[in-house]
Structure formats: C-alpha cells, structure tokens
Amino acid sequence: MPRKASKGSHPFFLLVVSAASLFCVSCAHMKPGSSEKQITSPYKEKIVVVGFHAAISKGEKADVVRDPISGAIFEAEPVSDNHISQLTNMLFERLVAEKKYSLISPGQALGAYSSIVKSDKDVGADPVQLLQKVGMIFDADAVLAGYVYRRRERDGTGYGVKRPASVALDLHLLRPSDGVVLWMSKFDKTQRSLTENILDLSTFIKGKGRWMTAEELAAIGLDKLIMEMTSTGWKRKQ
C-alpha cells in the first residue's frame, strides 16, 4: 500500500487483506464468465490485470502518500471498495475491447493472491515482489496494477458547483521475471473552468462544457492511461 510521504515505507500487507473483498465485489459486477476464462488474442503478450487498490481505505484520514513503486506523491483521500471495483472492471473491459493482449482477469488474479499469501505470509511487505509472483503463476509477460488516490465527487450539478470533481490514479506494468517497470503513468486532475485553466481545453471538450461527476472524470483518466500504455510499445523495453 502507498506509504505516507512524511514517513518511511511500511508493509504492503493491507493490499492483500483488501484484495479478497475488492475482487469479490469485482467479480460480482463483471459480465458472466469474465472472471473465469482467459481472454485470448492473436498477440503473444500475456498480461495479468490485477487492477486497482485504494491508497487510503474508507475510515482512514486523508493524507499525502507516496506510491511505493514509482515514488510519486499524491494527495489522497479514502476510496470505497465499490469505486475501486468499478474502476477495475472498467480497466479490464477496455483492455478486452482493445484486442491487443492475452489477458488474465482480476478474478483469476485473486486466486493467485490467495495461493501466494498461504505459501509466503511475508510476501505482502514488498509490492513489487508480490506482483512478480502473481505474474509468474500465470507465466505472464507483465502484470498491470495501480492505485486510486482520490475520487472526490463534485458538490453541485453539471452547470454549477461549489466543489468540482477530483480524481487521481496511476497504473504500473511490471515484468514478473525481475520486477522491472516496463511502463507507468498517472492521472491527477481536479476539474477547473475553462477560464481558470485555458490550457486544459481537452478536458473541457470531453466534459461537453459541463462540470463532470467523479465517475466521468475517472473514465477520462482511465482512457488516457490505456491509450498511453497501448501506444508505447512497452514490449520492446524487455
């Protein structure tokens, strides 16, 4: 789990503890059979889609945290399991639609987590090692996982707000054999009016000139990350 920026690193075991509840919810919202079978394609690259985890869970206080993989710092707020599940489902469904990779679903990844934790209770202390072992179970080329740091809903309507929506998330693509990060990117945005930020015209256009909900803003961020990942040719970095 991401650590507070003002303190040293602390164990990642909460990621594993939350995995079961997260992916049980995830599986319940997936299309029938999507968590049971591997999605194949003509491409050889196999990716285990672990999905998202909350940087700060419900019930905890908002804080500044550091991503344990990239070291990036984010302003983080509690994010519910339902929202994490929703974003994980969206991520997997969008990757399926891309038809570029052979995919292992988040539901399948849960089984790998359980197996790893039973055999090695200390593995949760290292997020990279944990993701490596998940990838190795499926003989995958990469493991895709990330965090949701913030998913703050707007206070208002599409035509006027007291407080705009704010979303922060990232994704990492790791190679199981040695833990090398093949690709990573982040999306950290609080919507602003066009007059406040004329340079952010693209978000204004995508939002159709309205104040977006957190779900709409998160969808824009997720699409951005997926587009970057699928266009970088990450396989060549191996």
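The structure under discussion appears in the preceding block.
For clarity, every value in this text was computed on a predicted model and none was experimentally measured.

Draft legend 1. The arrangement of the sheet that holds strand β6 (residues 142-152) in detail. Taken together, 5 strands build an open sheet; the order of strands is β5-β2-β6-β9-β10 and the sheet is mixed. The sheet is open, and its two edges are formed by β5 (102-104) and β10 (181-190), each paired on a single side. Within this sheet the neighbouring strands show an average axis-to-axis angle of 20°, counted without direction. Inspection of the sheet shows strand β9 (residues 166-174) paired to β10 by 9 bridges, in the antiparallel sense. Residue pairing across strands places His172 opposite Met184, the latter belonging to β10. Set on the sheet, helix α3 (residues 106-119) makes contact with β2 (46-54) and β5; between it and β2 the angle comes to about 80°.

Draft legend 2. Region of interest: the pairing of β6. Most of β6 is tucked away: 11 of the 11 residues are buried. In this sheet, β6 lies alongside β2 in parallel orientation, the contact comprising 7 bridges. Bridge pairing links Val48 to Val143 in β6. Where β6 and β9 come together, 9 bridges link them in antiparallel fashion. Residue Arg152 lies in a different strand from β9, and its bridge partner there is Ser166.

Draft legend 3. Representation of the pattern of salt bridges within the structure. The final tally for this structure, using the stated rule, is 6 salt bridges. The salt bridge involving Glu216 is made with Arg210; its shortest N-O contact spans 3.5 Å. By relative accessible area, Glu216 is classed as partly exposed at 30%.

Draft legend 4. Spotlight on the nonpolar core. Core analysis: the largest hydrophobic core is formed by 34 residues, its most contacted members being Ile47, Phe52, Leu91 and Leu144. When contributions to this core are tallied by element, the ones reaching two or more residues are β2, α2 (81-98), β6, β9, β10 and α6 (214-231). Looking at this core element by element, the count peaks at 9 residues for α6. Ranked by size, the runner-up nonpolar core spans 16 residues in total, among them Ile104, Ala112, Ile116 and Val143.

Draft legend 5. Molecular detail of unusual backbone geometry. The phi torsion at Lys99 lies on the positive side, around 55°, for a residue other than glycine. As for its placement among the helices and strands, Lys99 is situated in the loop between α2 and β5. Assessed through its relative accessible area of 61%, Lys99 is described here as exposed. For Asp139, which is not glycine, the phi dihedral falls at a positive 50°.

Draft legend 6. Region of interest: the packing of aromatic side chains. For the structure shown, the criterion picks out 2 aromatic pairs. With centroids separated by 3.8 Å and ring planes inclined at 10°, the aromatic side chains of Phe74 and Tyr149 adopt a geometry described as stacked. With a gap of 75 residues between them, Phe74 in strand β4 (residues 73-76) and Tyr149 in strand β6 connect regions that are remote in the sequence. A relative accessible area of 0% means that Tyr149 is categorised as buried. Relative to Tyr149, the ring of Tyr147 lies with its centre 6.0 Å away and its plane at 50°, an arrangement referred to as tilted. The two residues Tyr147 and Tyr149 agree in class, both being buried. In textbook terms, an aromatic cluster arises when at least three aromatic residues are bridged by ring pairs, as seen for Phe74, Tyr147 and Tyr149. Between the NZ or CZ atom of Lys186 and the centre of the ring of Phe74, over which it lies, the distance is 5.4 Å.

Draft legend 7. How the structure looks around α6. Given a rise of 1.5 Å per residue, 18 residues ought to cover 26 Å, and the 26 Å separating the end C-alpha atoms of α6 matches this to within 8%. Of all the residues in α6, the buried ones are Ala214, Leu217, Ala218, Ala219, Ile220, Gly221, Leu222, Leu225, Ile226, Met229 and Thr230. In the stretch just after α6, Gly233 is the one whose phi turns positive, near 65°.

Cut-offs used in this document
Residues numbered from 1 in each chain as written. Predicted model: local features only at pLDDT ≥ 70, side-chain atom pairs only at ≥ 80, totals over all residues. Heavy atoms only, no water. Pairing = 2+ DSSP bridges. Helix = DSSP H or I, 4+ residues; strand = E, 2+ residues; numbered from the N terminus. Axes fitted to C-alpha atoms, helices over the stretch in contact; angles between N-to-C directions. Contact = heavy atoms within 4.5 Å. Buried < 20%, exposed > 50% of the residue type's maximum accessible area, 1.4 Å probe, protein only. Salt bridge = Lys/Arg side-chain N within 4 Å of Asp/Glu carboxyl O. Core = buried A, V, L, I, M, F, W, Y, C linked by side-chain atoms within 4.5 Å. Phe/Tyr/Trp six-rings, centres within 6.5 Å; stacked < 30°, edge-to-face > 60°. Lys NZ or Arg CZ within 6 Å of the ring centre and 35° of its normal. Expected span 1.5 Å × (residues − 1).

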